[in-house]
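Architecture at a glance
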Amino acid sequence: MRLFGTNGIRGKIGREFTPEFLAKVGLAIGSYLKKESVVVLGMDTRISGDMVKSAVVSGLLASGINVWDIGIAPTPAIQFYTKNHGDFGIAITASHNPPEFNGVKAIAGDGTELPREEEEKIEEIFFSGKFRIVTWKEVGEYRRIEGAREEYLDAIISRVDAEKIRKRGFTVVVDCANGAASFTTPYLLEKLGCRVISLNCHPDGTFPGHPSEPKEENLGDLVALVKDSGADLGIAHDGDADRAIFVDERGRFIHGDKSLALVAREVVKEHGGGTVVTPVSTSLAVEEVVKTAGGNVVYTKVGAPIVARKMIELDAIFGGEENGGLIFPDMQFCRDGGMAVAKMLEILAKTDKRMSELIDELPSYYQRKLSVKCPEEKKERVLSLLKKKLSGERMNTLDGVKIMDDGWWILIRPSGTEPIYRIYAEAKEEETLKEKVDEYRRILEEIIKEA
Ligand code: MG
């Protein structure tokens, strides 16, 4: 049985997430850690945040753990504070999920997301019920910490050319989706000398502005406001602000792999080469610009923690995902929305170009993403049949099946969270894209039927 999903422990309030369940989660994590360890804890702006936190904290204290509560903060700020001050971290967040959900995300002492092997140890304790319950004298101490967010912002600012950014005096529209970034990004921008126009930057766990996934269909107001205000760019975060998505000064929504490619190119140029790590689902545009700038790309399975671990292993200079999750190793080995914002401003300031010009310089590909229903129990069999059927082609089986050829690729992989197969495809020509998507979708559908 599993407790942790691909993004920590997630559940609906009142359904999976009851006080009993959450206190047990706290007890299991506490029992897994050494007595008197310091757990840094923070949360996003969800209405259930205090309820979830209190129950988890109760379990932690009862197992002899000290809890340092930094309050509402972006997940990367919690990770950063954990790395610098704690033995372990917990983020109470469900990132971009709807408001009725919440989550418990476990953070290792070095600030990275907890590796699967360690999660399994916590799960074993949880399911066995063998908790360490300490005596009254040994119950942990709960402390409220002030200033963690400021520490995070100062660390970001010290890692970019703040003077150069301030000189440009950017006008920026920022949409925090009423989430955790409401407490950080507007202030970060202010400290970087920007004129800040804020949208959905009041914390509200009902997410009145729009759903907290920074997708194009959710960012209509941001796009309109960038255009109307004549801003230099727009910025949007997801609910826990580990991701950042951009809108250029013409009001165009910039897809995450474009901003990834842009930052990757600049970081490789700064370093005069180096390794960039990204999942197999990322646009070829990234590899193209990285190679041109003198660097190389290493691909991994889909998932930010996997990218981060590979980066540590290879001493990579940069990494990230196509959803706006960028990882800057000199800050920390996890996705960091605040750092992504500061770096983007630095790139704009250094190149002295407009955002649209920088984006239009990047290679362009046509893309499609779609999903095909597949019952959970068939998933594995479908994958092996798919590998067999396509074995004659140029294939990468790191994560699902990726077929590559000149000017196009297609990736077919089972979803980790839903009963579907996802298809990602990219091509230089629109015609090729359509042709390949139709061809491989048919193959997949037939195999699912037969399996
Ligand atoms: Mg997130």
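Model, not experiment: these values are computed from the prediction.

Once that is clear, we can look at the environment of Gly 8. Inspection of the secondary structure puts Gly 8 in the segment before strand 1 (9-12). Filtering out sequence-adjacent residues up to four positions away, Gly 8 remains in contact with Val 104 and Lys 105.

The next subject is the packing of aromatic side chains. Here the structure, examined in full by the defined rule, presents seven aromatic pairs. For the pair Trp 408 and Tyr 440, a centre-to-centre distance of 6.1 Å together with 40° between the ring planes defines the contact as tilted. Within this pair, whereas Trp 408 is found in strand 19 (residues 408-414), its partner Tyr 440 is found in helix 15 (residues 430-450), the two being separated by 32 residues in sequence. Comparing Trp 408 with Tyr 440 shows no difference in burial state: the two are buried. One aromatic cluster in this structure is built from Phe 17, Phe 21, Phe 126 and Phe 127. Over the ring of Tyr 299 we find Lys 402, and its NZ or CZ is 4.8 Å from the ring centre. Over the aromatic face of Tyr 365 sits the side chain of Lys 428, whose NZ or CZ is 4.2 Å from the ring centroid.

All right, on to the domain arrangement of the protein then. Assigned domains of the protein: these are domain 1 (9-146), domain 2 (151-252), domain 3 (256-337 + 345-360) and domain 4 (366-450). Just the C-alpha atoms count here: the centres of domain 2 and domain 4 sit 35 Å apart.

With mixed pairing, five strands are arranged side by side in an open sheet as 8-7-9-10-11. Only two strands of the sheet have a single partner each, and these edge strands are strand 8 (195-199) and strand 11 (253-254). In the sheet, strand 10 (residues 244-248) pairs with strand 11 via two bridges, with the strands oriented antiparallel. Bridging from a neighbouring strand, Phe 246 pairs with Ile 254 of strand 11.

To continue, consider the coordination of the magnesium ion. Around the magnesium ion, the protein supplies Ser 95 (OG), Asp 238 (OD), Asp 240 (OD) and Asp 242 (OD) as donor atoms, at distances of 2.0 to 2.3 Å. Read in sequence order, the donor residues for the magnesium ion give the motif S-x142-D-x1-D-x1-D.

Summed over all chains, the structure comprises 38 salt bridges. The closest approach of N and O atoms between Arg 354 and Asp 232, which form a salt bridge, is 2.7 Å. Of this pair, Arg 354 sits in the loop between helix 12 (337-351) and helix 13 (355-360) while Asp 232 sits in the loop between helix 8 (220-229) and strand 9 (233-237), and the two are 122 residues apart along the sequence. Residue classification places Asp 232 among the buried positions, given a relative accessible area of 18%. Between Lys 269 and Glu 266 there is a salt bridge, with its nearest N and O atoms 3.5 Å apart. On the criterion of helical spacing, the pair formed by Lys 269 and Glu 266 is a turn pair, its members being three residues apart in helix 9 (residues 256-271). Through salt bridges that share partners, Arg 265, Glu 266, Lys 269, Lys 353 and Glu 361 make up one connected network.

A general tendency of soluble globular proteins is for nonpolar side chains to be buried together. In terms of nonpolar packing, the biggest core is built from 72 residues, with Leu 192, Leu 233, Phe 318 and Leu 345 touching the most fellow members. Among the elements that take part in this core, helix 12 stands out by supplying nine residues, more than any other. Apart from the residues within four sequence positions on either side, Phe 318 is in contact with Leu 260, Val 263, Ala 264, Val 267, Thr 275, Val 276, Val 277, Met 311, Leu 326, Ile 327, Phe 328 and Pro 329. The next biggest cluster of nonpolar side chains, apart from the first, holds 31 residues, and it includes Met 43, Ile 65, Val 67 and Ile 90.

Once that is clear, we can look at unusual backbone geometry. Peptide bonds are, in most cases, trans, and in most cases residues other than glycine have a negative phi. For Ala 177, which is not glycine, the phi torsion reads 55° and is therefore positive. Counting through the fold element by element, Ala 177 comes out in the loop between strand 7 (171-175) and helix 7 (185-191). Here Ala 241, not a glycine, exhibits a phi torsion of approximately 60°, which is positive. Counting through the fold element by element, Ala 241 comes out in the loop between strand 9 and strand 10. Taking relative accessible area as the criterion, Ala 241 reaches 1% and is therefore assigned buried.

The strand order 1-5-4-2-3-6 describes an open sheet built from six strands, whose pairing is mixed. Two strands close off the open sheet at either side, each with one partner strand: strand 1 and strand 6 (142-144). Direction aside, the axes of adjacent strands within the sheet are offset by 20° on average. Relative to strand 3 (residues 66-72), strand 2 (residues 38-43) runs parallel, the two being bridged by six bridges. Its bridge partner lying in strand 3, Val 39 is registered against Val 67. Helix-sheet contacts for helix 3 (residues 75-85) involve strand 2, strand 3, strand 4 (88-92) and strand 5 (101-107), and the interaxial angle to strand 2 is about 165°.

Here is what the cut-offs are and how they apply
Residues numbered from 1 in each chain as written. Predicted model: local features only at pLDDT ≥ 70, side-chain atom pairs only at ≥ 80, totals over all residues. Heavy atoms only, no water. Helix = DSSP H or I, 4+ residues; strand = E, 2+ residues; numbered from the N terminus. Contact = heavy atoms within 4.5 Å. Phe/Tyr/Trp six-rings, centres within 6.5 Å; stacked < 30°, edge-to-face > 60°. Buried < 20%, exposed > 50% of the residue type's maximum accessible area, 1.4 Å probe, protein only. Lys NZ or Arg CZ within 6 Å of the ring centre and 35° of its normal. Domains from an automatic or database assignment. Pairing = 2+ DSSP bridges. Donors = N, O, S within 2.8 Å, 3.2 Å for Na, K, Ca; no water. Salt bridge = Lys/Arg side-chain N within 4 Å of Asp/Glu carboxyl O. Core = buried A, V, L, I, M, F, W, Y, C linked by side-chain atoms within 4.5 Å. Axes fitted to C-alpha atoms, helices over the stretch in contact; angles between N-to-C directions.

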